[in-house]
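Reading the structure
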Amino acid sequence: MSEDFYEVLGVDRDASEDEINRAFRQQAAKHHPDVSDDPDAEETFKRIQKAKEVLTDEDKRAAYDQLGHDRFTQADKHGGFDEGRRARSGGSPFDGGDPFGNVGDIFEQFFGGGGPRRNGPVQGRDLRTALTIELEESYRGATKQVTLRRPQACSSCDGAGHPPGANVRRCPECDGRGQVTRIQQSALGRIQQTQTCPRCDGEGDLVEETCSACRGEGIVQERSTLSVDIPAGIRDGQTLRMEREGAPGERGGPPGDLLIEVTVEEHPDFERDGDDLHIRQPISFPQAVFGDTVEIETFDGPHSLDIPGGTQSGEMLTIDGAGMPRLRRRGAGDLHVHVQVVTPRRLSPEEREALEKFAEAGGENVNVGQGFFERLRESL
Ligand SMILES: [Zn+2]
Ligand SMILES: [Zn+2]
């Protein structure tokens, strides 16, 4: 049975939270250990619960989509997804690597457990790069080019480190076994230690010639330009993972991944808050009094917004669904319009007259047309 959380619940990858909750209720009703006579019901039920827990948490779901099932569950196991995230970004001593890798190495050194595993395929390192996009590109989704220098298998020797057809002889140090065994006396007694042969690096063979292009490393640094698909709705600071675009693996292992940290630039008009957008809209005093319909320019073209009569300056009106699209799922945030009533700095004689009448009609006693200095002069 597949473990994928979307499949567990039987929903599409872009299902909304409502759909997920509905699917969860259906599945839970079917597989609840109290009602199901399937002997595995309890296991199944746990899986359904876990799937729902992850897919209804915005952050966890984003991480799940980004990492894929296996990596996510691994991160989750190592002290929980949140812990893992904190450790990675918080500069922990284990930063940048599998904290258990080191322990493994120590075990190998002492007990010689390594051998075949060490000489087996090793996945390449993950590489990191950064990319800056505009808010509109996050709104629409985009395809961007990133150029980076990254290690690649040397094309002259096909990553072997020596020219094809180079002379090979058996390593005299390990007699072709790739490992050497040493006996050491220690406080604990005799320790038999098996190590990867330092002379041939575990290969068992020594090659007489090295490739001149890579100086025998099998790897060269190359500038590569990659096309990156930016999903609509990506937020500032999120990381995209391009699988298999990292450093090449060793001994037939797969390449690592390329992690791309995305910066979304600020926009002069829109301010983003999660999936919601905020914008200011100036309106005139008569518009605020009588109400009006105004057009708000969005990335999607103009949206009309009804301003009700009697709107106060600073009031917030909302256009549902006109915000940022939600990352990798249906729907969008809202657009919040902050209405600002603009006070005119200059008036035509007709406007002035009308406003004086307005003030008079309201019983207001305004010293119309007189600034501070004029009033000051009068009182002297
Ligand atoms: Zn080479
Ligand atoms: Zn050797």
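The coordinates are above.
Residues numbered from 1 in each chain as written. Chains lettered and ligands numbered in written order. Predicted model: local features only at pLDDT ≥ 70, side-chain atom pairs only at ≥ 80, totals over all residues. Heavy atoms only, no water.

With that settled, consider the coordination of the zinc ion (ligand 2). Taken together, Cys171 (SG), Cys174 (SG), Cys197 (SG) and Cys200 (SG) make up the full set of protein donors to the zinc ion (ligand 2), lying 2.2 to 2.3 Å away. Of note is the zinc ion (ligand 2), whose four donor atoms meet at the metal with angles of 101 to 115° in an arrangement that counts as tetrahedral. Read from N- to C-terminus, the donor residues coordinating the zinc ion (ligand 2) fall into the pattern C-x2-C-x22-C-x2-C. Summarising the burial analysis for this pair, Cys171 and Cys174 share the class buried. (Donors = N, O, S within 2.8 Å, 3.2 Å for Na, K, Ca; no water. Tetrahedral: all angles 85-135°; square planar, octahedral: opposite > 155°, others 65-115°. Buried < 20%, exposed > 50% of the residue type's maximum accessible area, 1.4 Å probe, protein only.)

We now examine the packing of aromatic side chains. Counting across every chain of the model gives six aromatic pairs. Ring centres of Phe5 and Tyr64 lie 4.7 Å apart, and the angle between their planes is 15°; on these two criteria the pair is classed as stacked. Here Phe5, found in helix α1 (residues 5-9), pairs with Tyr64, found in helix α4 (residues 58-67); they are 59 residues apart in sequence, far enough to count as distant. Of the two residues, Phe5 and Tyr64, neither departs from the other in class, the shared state being buried. The interplanar angle of 50° and the centroid separation of 5.1 Å between the aromatic rings of Phe270 and Phe299 together place this pair among those described as tilted. Residue Phe270 is found in the loop between β9 (258-264) and β10 (271-273), and its partner Phe299 is found in the loop between β12 (292-298) and β13 (301-307); the two are separated by 29 residues along the sequence. A single burial state applies to Phe270 and to Phe299, both of which are buried. Counting every residue linked through ring pairs, the aromatic cluster contains Phe5, Tyr6, Tyr64 and Phe72. When the ring centre of Phe24 is taken as origin, the NZ or CZ atom of Lys52, which lies over that ring, is 5.1 Å away. (Phe/Tyr/Trp six-rings, centres within 6.5 Å; stacked < 30°, edge-to-face > 60°. Helix = DSSP H or I, 4+ residues; strand = E, 2+ residues; numbered from the N terminus. Lys NZ or Arg CZ within 6 Å of the ring centre and 35° of its normal.)

Quick look at the coordination of the zinc ion (ligand 1) now. The protein atoms donating to the zinc ion (ligand 1) are Cys154 (SG), Cys157 (SG), Cys211 (SG) and Cys214 (SG), with metal-donor distances spanning 2.3 Å. Counting the intervening residues between successive donors of the zinc ion (ligand 1) yields the motif C-x2-C-x53-C-x2-C. On the criterion of sequence distance, the pair formed by Cys157 in the loop between β2 (142-153) and β3 (168-170) and Cys211 in the loop between β6 (205-207) and β7 (219-230) is long-range, its members being 54 residues apart. On the basis of relative accessibility, which here comes to 5%, the residue Cys157 falls in the buried class. Owing to a relative accessible area of 5%, Cys211 belongs among the buried residues under this scheme.

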